[in-house]
Amino acid sequence: MTDFQIQADAAGVAAAAAERIGSVAAAGGHIALAGGSTPERAYELLRETDLHGATLWFSDDRAVGPEAPDSNYAMAARSLLDHLAEPHRPRVHRIEGELGPEAAADRYQALIRAEMGERPEFDLVLLGLGPDAHTASLFPGKPAVGESGRLVVAVPEAGMEPWVPRVTFTLPLLNAAREVIFLVSGADKAPAVARAFGEPADPGSPAAHVRPDPGQLVVMLDEEAAAGIVR
Ligand code: 6PG
């Protein structure tokens, strides 16, 4: 069952997300961060939190270096990691986009297996939702959505801007997580929310296939984004 958690506004979504990330981190969890702009505010709220027991990963990134303006890792560094006091710093595994999408995907998949075994279960995966109902770097109609064997794949062609190749978690890895939280805000996302989480969901929407089992699916959204679902 999808757990919809509706907040008044984007600030409320960020606060709720930060609280949940903080408690999974305090329990020493493996947490995959999302890119995009929506989670940035949540990350900023965690600057004073002790994350040292956690291991942070990325559910997708652009195949660029860690300093590039488009890098999801760079966003997490700017908003959170660079501000944490030394004793509060978590272990961080970034996607090495500078190796190119294929090599970076191979390396990340191998690292996940080395750390978490053959059937990795993330304690928490954060995801965003694009206006086209993509999530992570799983874009509608692209081959990565149909991947059933690998944990991480290269995405040679993005489905929207920035038009750079990507590296992304696959549906099997997302659906093995103990908990997946989507962070969504703004009226422009309401149609995508309806496609991804409406009854019935639109099978053409990659986000509609993120249904962790036996894990939990949480959708944190503001009132504007929630206009797309019946309550
Ligand atoms: C990426 C993201 C992507 C993002 C959505 C929503 O690397 O681009 O991980 O899936 O989460 O596009 O992005 P916003 O939060 O910026 O709307």
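As shown above, the structure is provided for reference.
What you see is a predicted model, and the numbers here were worked out from it, not measured in a lab. (Residues numbered from 1 in each chain as written. Predicted model: local features only at pLDDT ≥ 70, side-chain atom pairs only at ≥ 80, totals over all residues. Heavy atoms only, no water.)

> What is the right way to read the sheet that holds strand E4 (residues 60-62) from this model?
In a beta sheet, neighbouring strands pair by backbone hydrogen bonds and run either parallel or antiparallel. The strand order E4-E8-E7 describes an open sheet built from three strands, whose pairing is antiparallel. One side of each edge strand has no neighbouring strand; the edge strands of this open sheet are E4 and strand E7 (152-155). Going across the sheet, the axis of each strand differs from the next one's by a mean of 15°, ignoring polarity. Where E7 and strand E8 (residues 166-169) come together, four bridges link them in antiparallel fashion. Each residue of the ladder has a partner; that of Ala154, found in E8, is Val167. Along the sheet, helix H4 (residues 101-116) makes contact with E7 and E8, crossing E7 at roughly 170°. (Pairing = 2+ DSSP bridges. Helix = DSSP H or I, 4+ residues; strand = E, 2+ residues; numbered from the N terminus. Axes fitted to C-alpha atoms, helices over the stretch in contact; angles between N-to-C directions. Contact = heavy atoms within 4.5 Å.)

> So what exactly am I meant to see when it comes to the layout of surface pockets here?
Leftover empty space is mapped by rolling, across the atoms, a probe with the size of a water molecule. Taken as a whole, the largest pocket spans an internal volume of roughly 490 Å³. Taken together, 31 residues line the largest pocket, and the ones lying closest to its centre are Gly35, Gly36, Ser37, Arg62 and His134. Sorting the residues of the lining of the largest pocket by element identifies E4, helix H3 (72-79) and strand E6 (124-127) as the ones contributing at least two each. With three residues, the top contributor of residues to the lining of the largest pocket is H3. The residue inventory of the lining of the largest pocket, partitioned by class, reads 12 nonpolar, 11 polar and eight charged. As a volume, the second largest pocket reaches approximately 190 Å³. Lining the second largest pocket are Glu118, Arg119, Pro120, Glu121, Ser148, Gly149, Leu151, Pro172, Leu173 and Ala176. (1 Å grid on protein atoms, 1.4 Å probe; cavity = no way out; pocket = protein on both sides within 12 Å on 5 of 7 lines; lining within 4 Å. Points joined across faces, edges and corners; volume = space filled by probe spheres on them. Nonpolar A, V, L, I, M, F, W, Y, C, P; charged D, E, K, R; others polar.)

> Where do I start with the site of the ligand in this structure?
Taken together, 15 residues lie near the ligand, and Ser37, Thr38, Asp60, Ala136 and Lys189 sit nearest. Gly35 places a main-chain nitrogen or oxygen 3.5 Å from an oxygen atom of the ligand. Between Thr38 and the ligand, the recorded distance is 2.5 Å, taken from a side-chain N or O atom to an oxygen atom. Summarising the interface, the protein chains cover 88% of the accessible area of the ligand, which totals 420 Å² for the free molecule. One can see that the ligand is located within the largest pocket. Partitioned by chemical class, the residues of the shell around the ligand number two nonpolar, nine polar and four charged. (Near = heavy atom within 4 Å. Polar contact = N/O pair within 3.5 Å; in protein donor to acceptor, adjacent residues only side chain to side chain. Areas by Shrake-Rupley, 256 points an atom, 1.4 Å probe, with all protein chains shown as cover. Sits in = over half its atoms within 2 Å of the grid points.)

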